[in-house]
Structures are given as structure tokens and as C-alpha cells.
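Examination of the molecular architecture
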Amino acid sequence: VQLQASGGGLVQAGGSLRLSCAASGRIPSIKDMGWFRQAPGKQRELVAARSSGGNTDYADFVKGRFTISRDNARNTLYLQMNSLKPDDTAVYYCAVGSFWTGVRVDYWGQGTQVTVSS
């Protein structure tokens, strides 16, 4: 499985971005997909997850602002990010793995930089 993330960029606070993660190869149907982020000097953290059954979950710091979705026909995962804040500045990574009982990543995508200016 290879994951290709895109859609990052520079945006002003309050703006929006949509990240995409195109997957090539077969993703096992039992696997979850998710978005992580890593800011300079900080650990990588889970932002949003979507289970194989379609359930979604979000970190408290993005609830109500970010939406994770998946287009099965295009084999693509999305992260719609609204009301962006400077604290959202980070490299965002998509991933495949198990995210409901603990976090285990099987595949990482390359990161895409999101920069939010104040």
C-alpha cells in the first residue's frame, strides 16, 4: 500500500483547506484510516480517524472544525479543515492501521505541510 497526501499550503487563520490521501494497492477491509500531524518540536499526534465500518473520531482540539471522509470509489481519504488556527500549523500525514484500541500504524503517507498565519 502506498499513500500519497496532498492539499497542504499556506492559509490565513479562519480559512479552510482540504487534504487528500490517494491510496494505491489494496487496503485490507478491516483497517482504519486516519490523519496525524506533527508540529516542530512536538510528537506526532492523531487528528482524525475513520474505521473500516465508517465510524469517525476526532481529537478534542479539532472537533467541530475538521471532518474526515473517504471516497471508496476513488480509494481516497480526505480531511476537510475549517476555521483553521495558527496552532494547526504542522506536517499532516495520512495513515492506515488500527486506531480504535490503541494506535498502530501499518502504512504512512508522506507528509503535507499546513501553515496557518495569524
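Since this is a predicted model, take the numbers as computed values, not measurements. (Residues numbered from 1 in each chain as written. Predicted model: local features only at pLDDT ≥ 70, side-chain atom pairs only at ≥ 80, totals over all residues. Heavy atoms only, no water.)

**Observations concerning the packing of aromatic side chains**
To keep things clear, this is the line we draw: Each Phe, Tyr or Trp ring, with Trp reduced to its six-membered ring, pairs with another whose centre is within 6.5 Å; inter-plane angles below 30 degrees give stacked pairs, above 60 give edge-to-face pairs, and intermediate values give tilted ones. Secondary structure counts use DSSP, requiring at least four H or I residues in a row for a helix and at least two E residues in a row for a strand, with both numbered from the N terminus. For the exposure calls, accessible area comes from a 1.4 Å probe over protein chains only, and a residue counts as buried if that area is under 20% of its type's maximum, exposed if over 50%, partly exposed in between. Only lysine NZ and arginine CZ atoms are considered, and such an atom sits over a ring when it is within 6 Å of the ring centre and within 35 degrees of the ring normal.
In the structure shown here, the tally under the stated rule is 3 aromatic pairs. Each ring, one from phenylalanine 36 and one from tryptophan 108, has its centre 4.9 Å from the other, and the planes form 70 degrees; the classification is edge-to-face. Highlighted residues: phenylalanine 36 in strand β4 (residues 32–38) and tryptophan 108 in strand β10 (residues 104–108), separated in sequence by 72 residues. The class for phenylalanine 36 is buried, based on a relative accessible area of 5%. Taking the centre distance of 6.1 Å and the plane angle of 75 degrees together, the rings of tyrosine 93 and tryptophan 108 count as edge-to-face. With tyrosine 93 in strand β9 (residues 90–98) and tryptophan 108 in strand β10, the pair connects residues that are 15 residues apart, well separated along the chain. Grouped by ring-pair contacts, the aromatic residues Phe36, Tyr93, Phe99 and Trp108 constitute a single cluster. When the ring centre of tyrosine 93 is taken as origin, the NZ or CZ atom of arginine 44, which lies over that ring, is 3.7 Å away. Here arginine 44 stacks its cationic end above the ring of tryptophan 108, 4.5 Å away from the centre of that ring.

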